[in-house]
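As a plain string of letters, each chain reads:
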Amino acid sequence: MTDTIGQPTQRVLLAAPRGYCAGVDRAVVTVEKALELYGPPVYVRKEIVHNKHVVTTLEKRGAIFVEETDEVPEGATVIFSAHGVAPVVHEEAKALSLKTIDATCPLVTKVHREAVRFAGDDFDILLIGHEGHEEVVGTSGEAPEHITLVDGPDDVANVTVRDPEKVVWLSQTTLSVDETMETVRRLRERFPSLQDPPSDDICYATQNRQLAVKQMAPDCDLMIVVGSRNSSNSVRLVEVALEHGSRAGHLVDYADEIDPTWLEGVSTVGVTSGASVPEVLVRDVLTYLAERGYVDVTPVVAAQESLLFSLPNEIRRDLKARGLSDKMRHDGAFEEAGSLH
């Protein structure tokens, strides 16, 4: 694309939807409301969501992030992250008399329930996901004797089951849709009776963000995805962009991580963000690009999202007892410290 004097036109294609999904919004507000209710410190097991900026901001407000349950002082309040935990973690918390608030995304909880149900029916469950990811660890812990991890299409050849007629697949919610379907295709070649989950396990937000990137990618010389490296869905967005035609793609936490050399000879920049990324970080990227001549911003709308999840029951109960709002949208209580919404 060129302007009237033959110079490349510098423009930005901005993905919609992007950024926070309903599960992330719920988890972040849970920590904010817990700090408001109980005062700091509030303990959080693992990163509440996989985003460096969110974690750092909440730490400044009084959240203490720990790796394991036994790092929380006896009798304290602990929040479980959006990625979910295995039943053994709930048992550990009970043994320490911890007040627990479960911020697990309801879509992850759905996968946990599916795992329990199929294990109860004595199925072998093939869980498609990335080894070591917190969500996979939590889901596997629901029925460890029945669950086998399948880490992508190339891992299918290693799978063994007890009865090929009683096999079902489930998946981590933040995977590449295309890669997951390829994994399922290969699994079905080996196990023709393989059953599907009752409904999509890959979450609506992951699918929508990938869909927007697929639409944008063929027109992009460069795709910038705002997100952290431990965010599975953010990493997938870079992969999807490259697979669907973007000439280059990079993942950044902040605008100042953009290498100016990436923009050399670039006419069209695609911008999106992972499902755990606050919009302020995207705005910073757009400002960075505008300062370098990319002022023409065109939205690419792949879907409309309106889903909201209510806060965990423990938080809602305590908020109502104090006469405080339990609405999901950010209520301005932390505006001076910088909104995460």
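Residues numbered from 1 in each chain as written. Predicted model: local features only at pLDDT ≥ 70, side-chain atom pairs only at ≥ 80, totals over all residues. Heavy atoms only, no water.

### Notes on the overall build of the protein
In terms of helices and strands, the protein carries 10 helices and 12 strands. Against the compact-globule benchmark of 20 Å for 341 residues, the protein has a radius of gyration of 21 Å, which places it among compact chains. Dimensions of the protein, computed from C-alpha atoms along their principal axes, come out at roughly 70 × 55 × 30 Å. In the protein, which comprises 341 residues, the share counted as buried stands at 55%. Restricting to contacts in the protein with at least 6 residues of sequence separation, those with at least 24 account for 75%. Of the roughly 14,700 Å² that the protein leaves accessible, carbon and sulfur atoms contribute 50%. Here the protein holds 33 positive side-chain charges and 55 negative ones, and the gap between their average locations is 5 Å. (Helix = DSSP H or I, 4+ residues; strand = E, 2+ residues; numbered from the N terminus. Rg over C-alpha atoms; globule rule 2.2 N^0.38 Å. Buried < 20%, exposed > 50% of the residue type's maximum accessible area, 1.4 Å probe, protein only. Contact = heavy atoms within 4.5 Å. Areas by Shrake-Rupley, 256 points an atom, 1.4 Å probe, with all protein chains shown as cover. Lys, Arg positive; Asp, Glu negative; His and termini not counted. Charge placed at Lys NZ, Arg CZ, Asp CG, Glu CD.)

### Some points on the pairing of strand E9 (residues 222-226)
In terms of residue burial, E9 counts as a mostly covered element, since 5 of its 5 residues are buried. Residues Leu222, Ile224 and Val226 line one face of E9 and the alternating positions Met223 and Val225 line the opposite face, and both faces are buried. By the bridge criterion, 4 bridges tie E9 to strand E10 (residues 249-252) in an arrangement that is parallel. Looking at E10, one finds that Ile224 is bridged to His250. Note on the crossover from E9 through helix H8 (residues 232-243) to E10: the handedness is right-handed. (Pairing = 2+ DSSP bridges. Right-handed = clockwise from strand over helix to strand, strands pointing away.)

### Considering the sheet that holds strand E8 (residues 167-171)
Here 3 strands make up an open sheet; going across it, the order is E7-E6-E8 and the pairing parallel. Sheet topology places strand E7 (147-150) and E8 at the edges, where each strand pairs with a single neighbour. Put simply, the sheet's adjacent strands are angled 30° from each other on average, direction ignored. Across the face of the sheet, helix H4 (residues 106-120) comes into contact with strand E6 (124-128), E7 and E8 while running at roughly 165° to E8. (Axes fitted to C-alpha atoms, helices over the stretch in contact; angles between N-to-C directions.)

### Here we look at empty space enclosed by the protein
The final tally for this structure, using the stated rule, is 3 cavities of 30 Å³ or more. Looking at the largest cavity, its volume works out to about 240 Å³. Every residue lining the largest cavity is counted, 20 residues in all, and those nearest its centre are Cys21, Val24, His83, Thr174 and Asn233. Elements that contribute at least two residues to the lining of the largest cavity include exactly helix H1 (22-38) and H8. Here the lining of the largest cavity is built from residues that sort into 8 nonpolar, 11 polar and 1 charged. (1 Å grid on protein atoms, 1.4 Å probe; cavity = no way out; pocket = protein on both sides within 12 Å on 5 of 7 lines; lining within 4 Å. Points joined across faces, edges and corners; volume = space filled by probe spheres on them. Nonpolar A, V, L, I, M, F, W, Y, C, P; charged D, E, K, R; others polar.)

### Comments concerning the packing of aromatic side chains
For the structure shown, the criterion picks out 1 aromatic pair. Lying over the aromatic face of Phe118, Arg117 brings its terminal NZ or CZ to 4.6 Å of the ring centre. (Phe/Tyr/Trp six-rings, centres within 6.5 Å; stacked < 30°, edge-to-face > 60°. Lys NZ or Arg CZ within 6 Å of the ring centre and 35° of its normal.)

### Things to note about the layout of surface pockets
Within this model, the second largest pocket holds a volume of roughly 200 Å³. The wall of the second largest pocket is formed by Arg26, Gly84, Val85, His90, Asp102, Thr104, Pro106, Thr109, His112, Arg113 and Glu142. Ranked by residues supplied to the lining of the second largest pocket, first place goes to H4 with 4 residues.

### Observations regarding the side chain of Glu114
Structurally, Glu114 can be placed in helix H4. In this structure Glu114 touches Leu170, Pro197, Pro198, Ser199 and Asp201, once residues within four positions along its chain are discounted.

### Examining the confidence of the model for the protein
Averaged over all residues, the pLDDT of the protein is 94; the fraction at 70 or higher stands at 94%. Low pLDDT, under 50, characterises residues 1-6; the stretch is placed with 9 contacts to residues that sit more than four places away or in other chains. Per-residue pLDDT stays below 50 along residues 330-337; that stretch engages in 12 contacts with residues further than four places along the chain or on separate chains. (pLDDT = per-residue confidence, 0-100.)

### Considerations on the pattern of salt bridges
For the structure shown, the criterion picks out 25 salt bridges. Between Asp253 and Lys52 there is a salt bridge whose closest N-O contact spans 3.7 Å. Here Asp253 is found in the loop between E10 and strand E11 (268-273), whereas its partner Lys52 is found in helix H2 (residues 52-61), with 201 residues between them in sequence. For the salt bridge of Lys110 with Glu114, the shortest nitrogen-to-oxygen distance reads 3.0 Å. Placement of both Lys110 and Glu114 in helix H4 is noted, with a separation of 4 residues, approximately one turn of the helix. Taking relative accessible area as the criterion, Lys110 reaches 22% and is therefore assigned partly exposed. Given the relative accessible area of 5%, Glu114 is considered buried. (Salt bridge = Lys/Arg side-chain N within 4 Å of Asp/Glu carboxyl O.)

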